[in-house]
Amino acid sequence: MGQCDAAWAIVLGKYMILLLFLVTGSLNLAPARVKDHIDRMAGFGVPLPAFAFWFGIGMEFTGCALILAGWHAQVGVWLLIAFTVIAGSIFHRFWLVDDPMRRQMLRIAALNNIAVIGGLLLLLQFVK
């Protein structure tokens with residue numbers, strides 16, 4: 001496979017990663033989800049949970065917008081990496097869960113976040 005042949009995979013991969021953030025971010029804007037996230041963040045001891053939630057949503061959508069616009073796209077990728085690390089650290093604390101099935105689900109979610117971060121790090125090589 002030549003360099004030219006991989007171009008479609010880079011473009012498709014970029015849009016698939018962005019789709020993840022745009023869909024989950026949009027779903028999290030439902031009023032019940034907003035309340036649930038803020039309440040869970042408060043329960044985890046996150047300072048200023050409402051501010052932290054909205055700041056995270058802002059990071060997520062700003063990162064996507066920068067990448068889609070091709071304007072400071074690398075900053076957009078770093079915003080999505082930071083968002084993924086922070087959100088995962090808050091919501092996927094599998095090591096604190098006693099129930100084996102819930103612990104396993106959270107562990108898989110944390111591993112998925114690691115894979116997404118890996119994809120974002122690769123994307124850094126292809127955005128300007």
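Higher on the page you've got the structure.
Scoring rules and cut-offs
- Residue positions are counted from 1 within each chain, in the order its sequence is given.
- Whole-chain, interface and lining totals are the exception, using all residues; otherwise, since this is a predicted model, local features are given only for residues with pLDDT of at least 70 and side-chain atom pairs are given and counted only at 80 or more.
- The side-chain figures draw on all heavy atoms in the structure; neither hydrogens nor water molecules are used.
- The working definition used for a salt bridge is a side-chain nitrogen of Lys or Arg within 4 Å of a carboxyl oxygen of Asp or Glu.
- Secondary structure follows DSSP: runs of H or I at least 4 residues long count as helices, runs of E at least 2 residues long count as strands, and numbering of each begins at the N terminus.
- Burial classification: accessible surface area is computed with a 1.4 Å probe over protein chains only, and a residue below 20% of its type maximum counts as buried, one above 50% as exposed, and the rest as partly exposed.
- Working rule for helices: expected span equals 1.5 Å times residues minus one.
- Each axis is a line fitted through C-alpha atoms, taken for helices only over the stretch in contact, and angles between the N-to-C directions span 0 to 180 degrees.
- Throughout, the term roughly parallel applies to angles under 35 degrees, roughly antiparallel to angles over 145, roughly perpendicular to angles from 65 to 115, and oblique to all others.
- Crossings are sorted by hand: turned counterclockwise from the far helix by less than a right angle, the near helix makes the crossing left-handed, and turned clockwise it makes it right-handed.
- We call two residues contacting when some pair of their heavy atoms lies within 4.5 Å.
- Polar here means any residue other than Ala, Val, Leu, Ile, Met, Phe, Trp, Tyr, Cys and Pro, which are nonpolar, and Asp, Glu, Lys and Arg, which are charged; Gly is therefore polar.
- Aromatic rings from Phe, Tyr and Trp, taking only the six-membered ring of Trp, are treated as a pair when their centres fall within 6.5 Å; an angle between ring planes under 30 degrees marks them as stacked, one over 60 as edge-to-face, and anything in between as tilted.

Chemist: Any chance you could break down the pattern of salt bridges for me, citing the residues and the numbers?
Modeler: If you walk through the whole model with that rule in mind, you get 3 salt bridges. Residue Lys35 pairs with Asp39 through a salt bridge whose shortest N-O separation is 2.6 Å. Highlighted residues: Lys35 and Asp39, both in helix α2 (residues 31–43), separated by 4 residues, approximately one helical turn. For Asp39, a relative accessible area of 41% corresponds to the partly exposed category. The salt bridge partner of Arg40 is Asp36, with a shortest N-O separation of 3.5 Å.

Chemist: Residue-level account of helix α4 (residues 73–91), with values.
Modeler: Here α4 contains 19 residues, and its C-alpha end-to-end distance of 26 Å stays within 8% of the 27 Å for a straight helix at 1.5 Å per residue. All of the buried residues in α4 are Ala73, Gly76, Val77, Leu80, Ile81, Phe83, Thr84, Ala87, Gly88, Ile90 and Phe91.

Chemist: Describe the packing of α2 against helix α3 (residues 49–69), naming the residues involved and giving the relevant values.
Modeler: The interhelical angle for the contact between α2 and α3, taken along N-to-C directions, is 125°, at an axis separation of 8 Å. In this view, α2 runs oblique relative to α3, as classed from their interaxial angle. For the pair α2 and α3, the crossing hand works out as right-handed. Taking contact as the criterion, the partners of Val34, His37, Ile38, Met41 and Ala42 in α2 are, on α3, Pro49, Ala50, Ala52, Phe53 and Trp54. Across the contact of α2 with α3, the residue classes tally to 9 nonpolar, 1 polar and no charged.

Chemist: Explain the environment of Lys128 to me, using residue names and the numbers behind them.
Modeler: Within the element layout of this structure, Lys128 appears in the segment after α5 (100–123). When the C-alpha atoms of Lys128 and Gly63 are compared, they prove to be 13 Å apart, with 65 residues separating the residues in sequence. Aside from chain neighbours lying at most four places away, what touches Lys128 is Gly70, His72, Ala73 and Gln74.

Chemist: Requested: an account of the packing of aromatic side chains, with residues and values cited.
Modeler: All told, the structure shown has 5 aromatic pairs when counted by the stated rule. Each ring, one from Phe21 and one from Phe83, has its centre 6.3 Å from the other, and the planes form 70°; the classification is edge-to-face. Here the residue Phe21 occupies a position in helix α1 (residues 7–27), and Phe83 occupies one in helix α4, the gap between them amounting to 62 residues. In this structure Phe21 comes out as buried when scored by relative accessible area, which is 4%. The interplanar angle of 25° and the centroid separation of 5.7 Å between the aromatic rings of Phe51 and Phe55 together place this pair among those described as stacked. Linking Phe51 with Phe55, this pair stays in helix α3, spanning 4 residues, or about one helical turn. Residue Phe55 is classed as partly exposed on the basis of its relative accessible area of 49%.

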